[in-house]
Amino acid sequence: MTNEQRAEKLIEELGFDFETISKAYVIGLFQNEINDFRQGSSEYIRLLCGYLYCLGDESDIPLIKKAKYGINMDVGCMIDIEWIESLENGGNEDPAAFIRPKNEIVKSFVDYYSDYFAQSDDDND
């Protein structure tokens, strides 16, 4: 299964209702992925970090930082620093630091992955 297929399968499984998604489950997937890292899994790890951001709080910063700074440059470039900074400031907007409110960041995450896989499906037609 390709990286993109794994990511798409995860989205199909979890969806975007962050009130019902188990944070512990996402953390488990994240830790399994880190422990058994596969070259080319940057998109999948980014998706897991995005889920963790959407579900998380400041206690999740070390995991997201581990992905951003502890795997490799390809993965690091995929992880949005805004997610970390937003969790650090409690999800508040900070225009001076170019940090949007958490609800806007979550919306852009959902929009990206909704559009990403809609585009992927169009490419396969």
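The structure displayed is predicted, hence computed values, not measured ones.

Procedures and definitions
- Residues numbered from 1 in each chain as written.
- Predicted model: local features only at pLDDT ≥ 70, side-chain atom pairs only at ≥ 80, totals over all residues.
- Heavy atoms only, no water.
- Helix = DSSP H or I, 4+ residues; strand = E, 2+ residues; numbered from the N terminus.
- Rg over C-alpha atoms; globule rule 2.2 N^0.38 Å.
- Areas by Shrake-Rupley, 256 points an atom, 1.4 Å probe, with all protein chains shown as cover.
- Lys, Arg positive; Asp, Glu negative; His and termini not counted.
- Charge placed at Lys NZ, Arg CZ, Asp CG, Glu CD.
- Buried < 20%, exposed > 50% of the residue type's maximum accessible area, 1.4 Å probe, protein only.
- Expected span 1.5 Å × (residues − 1).
- Arc of directions from axis to C-beta.
- Contact = heavy atoms within 4.5 Å.
- pLDDT = per-residue confidence, 0-100.
- Core = buried A, V, L, I, M, F, W, Y, C linked by side-chain atoms within 4.5 Å.
- Salt bridge = Lys/Arg side-chain N within 4 Å of Asp/Glu carboxyl O.
- Disulfide = S-S within 2.5 Å.

J.: Account for the overall build of the chain, naming residues and giving values.
T.: The helix and strand inventory of the chain stands at 7 helices and 0 strands. In sequence order, the secondary structure elements of the chain are arranged as α-α-α-α-α-α-α. Taken over C-alpha atoms, the radius of gyration comes to 14 Å for the chain, in line with the 14 Å a tight globule of 125 residues would show. Accessible surface, the chain: about 6,900 Å² in total, of which carbon and sulfur atoms supply 49%. For the chain, the distance from the average site of its 11 positive side-chain charges to the average site of its 26 negative ones is 6 Å.

J.: Explain unusual backbone geometry to me, using residue names and the numbers behind them.
T.: Most peptide bonds take the trans form, and the phi angle of most residues other than glycine is negative. The backbone phi angle of F98 is positive, close to 60°, even though this residue is not glycine. Its place among the elements puts F98 in the loop between α6 (81-88) and α7 (102-123). For F98, a relative accessible area of 72% puts it in the exposed group.

J.: Quick one: what's the story with helix α2 (residues 23-35), residue by residue and with numbers?
T.: Counted at 1.5 Å a residue, the expected span for α2 with its 13 residues is 18 Å, and the 18 Å between its end C-alpha atoms agrees. Taken together, the buried positions of α2 are V26, I27, L29, F30, E33 and I34. With its buried residues spanning 160° around the axis, α2 presents them on a single face. Opposite the packed face of α2, turned more than 90 degrees from it, sit the exposed residues A24, N32 and N35. Of the surrounding secondary structure, the elements contacted by the buried residues of α2 are α1 (3-14), α3 (42-55) and α4 (61-70).

J.: Go over the confidence of the model for the chain, please, and point to the residues and values.
T.: Residues of the chain with pLDDT of at least 70 account for 93%, and the chain-wide mean is 91. Within the chain, no element has a lower average pLDDT than α7, which sits at 82, and none a higher one than α6, at 97.

J.: Which residues make up the nonpolar core, and what values go with them?
T.: Formed by 35 residues in total, the largest nonpolar core has its most connected members in F18, Y51 and F109. The element that contributes the greatest number of residues to this core is α3, accounting for 10 residues. With residues near it in sequence (within four places) discarded, F109 still touches F16, F18, L47, G50, Y51, C54 and W83.

J.: Go over the pattern of salt bridges, please, and point to the residues and values.
T.: For the coordinates displayed, the defined rule picks out 6 salt bridges. The residue E33 makes a salt bridge to R6 at a minimum N-O spacing of 2.4 Å. Within this pair, whereas E33 is found in helix α2, its partner R6 is found in helix α1, the two being separated by 27 residues in sequence. By the burial criterion, E33 is buried, and R6 matches it. For D80, the salt bridge identified is with R46, shortest N-O distance 3.2 Å.

J.: Residue-level account of the state of the cysteines, with values.
T.: Following the criterion strictly, the structure yields 0 disulfides and no others. A disulfide-free cysteine, C54 has its sulfur positioned 11 Å from the sulfur of C49, the nearest such atom. When its relative accessible area of 11% is taken as the criterion, C54 is described as buried. Lacking any disulfide linkage, C77 is separated from the closest cysteine sulfur, that of C49, by 13 Å.

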